[in-house]
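Chain by chain, the residues run as shown.
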Amino acid sequence: MKGFLKGCATAMITPFLETGVDFGAFGDMMEYQIGNGADALVVLGTTGEPCVMTDGDKEALIRFAIEKAAGRVKIIVGTGSNATACAVKASVKAQELGADGILAVTPYYNKCTQQGLYEYYDAICKAVTVPVICYNVPSRTGVNLLPETMERLSDIPNIAGIKEASGNMAQVLDTARRIREKCDLYSGEDALNLPVLCAGGSAVISVVSNLAPAAVKALTTAVFQGDLREAVTISDKLLPLVQACFTEVNPIPVKEGMNLLGFAAGEPAAPLTRLSPANREILRAAMRNFGLQVKA
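Here the structure is a predicted model, which is why all the values come from computation and not from measurement.

Caption draft 1: Expanded view of the nonpolar core. Core analysis: the biggest nonpolar cluster contains 86 residues, and I75, M150, L211, L238, L241, M258 and M287 have the highest contact counts within it. Look past the residues within four positions of L211 in its chain and what remains in contact with it is Y32, L241, C245, V254, G257, M258, L261, M287 and L292. By size, the runner-up hydrophobic cluster in this structure holds 17 residues, among which are V105, A160, A165 and I205.

In structure tokens, the structure reads:
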């Protein structure tokens, strides 16, 4: 299926209290995104640290996000797992709660075959009717969703597209060529947002847009309007901020960045640690140079 998502989708961080999710802080972040033009919010994606959350906290966060959004933006829920049965169960629950779509990362650690990947997504899609986005990020999962496998998956009616974060532009272009008439391509790596959009990508699923949603939205708009000069200008300005957001593993830097903006983002959950002092200064400088109002 084509046309499910266009523009800027933010991969939301999850602020934690000792007792669980800080819903007040999460609501503030949602309003910041909506007020600055985000088209969709991804809840419980990699950036949201779902692997350290209980099922109860996940369900509560999905409910909260859908109620808070009130139809103003699409809510896409991360439901991937290294167990197909768990991914199916989570996807069904997200649909029952009212999610607009599903983002399912490839199974991690198990290192299944390409046929295993196909069967994993096929099982999810057969269990739900909402759009399903495949998520390819081999640096984290240890498995790579190859273009020919994505081409097969694109024939499944509710496959909306693929969030590509392989970092391999040759592979991204091959995937785009194979799926172009059937489903959509989404950039899942902020440093490559511009080339992926120019290759026909319909949206970005962005980490840096936690900090700068208006700029990431403006980048997508410039490309869609054919104003590549403006798109390059925005991309060039964003790149140092993107680099600062990945000095340590995501979401460590972006979570600290939200603290620097004055949001109660808190700290990443163990075993992740808080951003080192040296990288915090790099991030602070990048945010100031970009024009963000650093409050902390």
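Continuing now.
Caption draft 2: Seen up close, empty space enclosed by the protein. Within the structure shown, the criterion is met by one cavity of 30 Å³ or more. For the largest cavity, the calculated volume is near 90 Å³. Listed by contribution, the elements that provide at least two residues to the lining of the largest cavity are α8 (193–198), α9 (213–224) and α10 (228–244). It is α10 that contributes the most residues to the lining of the largest cavity, four residues altogether. Taken together, the residues of the lining of the largest cavity break down into eight nonpolar, two polar and one charged.

Caption draft 3: Up close: the pairing of strand β7 (residues 132–136). Most of β7 is tucked away: five of the five residues are buried. Alternating residues of β7 divide into V132, C134 and N136 and I133 and Y135, and every residue in both groups is buried. In this sheet, β7 lies alongside strand β6 (residues 101–105) in parallel orientation, the contact comprising four bridges. Bridging across to β7, V105 finds its partner in Y135. Note that the unit made of β6, helix α4 (residues 114–127) and β7 has a crossover that is right-handed. Pairing analysis gives five bridges linking β7 to strand β8 (residues 159–164), with the strands arranged parallel. Bridging across to β8, I133 finds its partner in G161.

Caption draft 4: Structural context of the packing of aromatic side chains. Considering all chains together, one arrives at four aromatic pairs under this definition. Ring geometry for F26 against F64: centres 6.4 Å apart, planes inclined by 65°, an arrangement best described as edge-to-face. Taken together, the residues F26 in helix α1 (residues 23–35) and F64 in helix α2 (residues 55–69) connect sequence positions 38 residues apart. On the basis of relative accessible area, F64 is assigned to the partly exposed category, the value being 24%. Relative to F263, the ring of Y32 has its centre 5.2 Å away and its plane inclined at 55°; by these criteria the two rings are tilted. With Y32 in helix α1 and F263 in the loop between α11 (252–260) and α12 (277–290), the pair connects residues that are 231 residues apart, well separated along the chain. Of the two residues, Y32 and F263, both sit in the buried class. Ring pairs connect the aromatic residues F23, F26 and F64, which therefore count as one cluster.

Caption draft 5: Quick look at the side chain of N193. Within the element layout of this structure, N193 appears in helix α8. We classify N193 as buried; its relative accessible area is 4%. Setting aside its immediate chain neighbours within four residues, N193 contacts S187, V204 and L219.

Caption draft 6: Structural context of unusual backbone geometry. Here the residue pair N250 and P251 is connected by a cis peptide bond, since its omega of 10° sits within 30 degrees of zero. In this structure, P251 sits in the loop between α10 and α11. Here A270 and P271 are connected by a cis peptide whose omega angle stands at 15°. If you trace the backbone, P271 turns up in the loop between α11 and α12.

Caption draft 7: Representation of the sheet that holds strand β10 (residues 203–206) within the structure. Judged by pairing direction, the barrel is parallel, and its eight strands sit side by side in the order β1-β4-β5-β6-β7-β8-β9-β10 before closing back on the first. Recorded for the sheet is a direction-independent mean angle of 25° between the axes of neighbouring strands. Taken strand by strand, α2 contacts β4 (40–43) and β5 (74–78), and its axis lies near 170° from that of β5. Most of the contacts of helix α7 (residues 169–179) go to β8, to which it runs at about 170°, and overall it touches β7, β8 and β9 (184–187).

Reading guide: rules and limits
- Residues numbered from 1 in each chain as written.
- Predicted model: local features only at pLDDT ≥ 70, side-chain atom pairs only at ≥ 80, totals over all residues.
- Heavy atoms only, no water.
- Core = buried A, V, L, I, M, F, W, Y, C linked by side-chain atoms within 4.5 Å.
- Buried < 20%, exposed > 50% of the residue type's maximum accessible area, 1.4 Å probe, protein only.
- Contact = heavy atoms within 4.5 Å.
- 1 Å grid on protein atoms, 1.4 Å probe; cavity = no way out; pocket = protein on both sides within 12 Å on 5 of 7 lines; lining within 4 Å.
- Points joined across faces, edges and corners; volume = space filled by probe spheres on them.
- Helix = DSSP H or I, 4+ residues; strand = E, 2+ residues; numbered from the N terminus.
- Nonpolar A, V, L, I, M, F, W, Y, C, P; charged D, E, K, R; others polar.
- Pairing = 2+ DSSP bridges.
- Right-handed = clockwise from strand over helix to strand, strands pointing away.
- Phe/Tyr/Trp six-rings, centres within 6.5 Å; stacked < 30°, edge-to-face > 60°.
- Axes fitted to C-alpha atoms, helices over the stretch in contact; angles between N-to-C directions.

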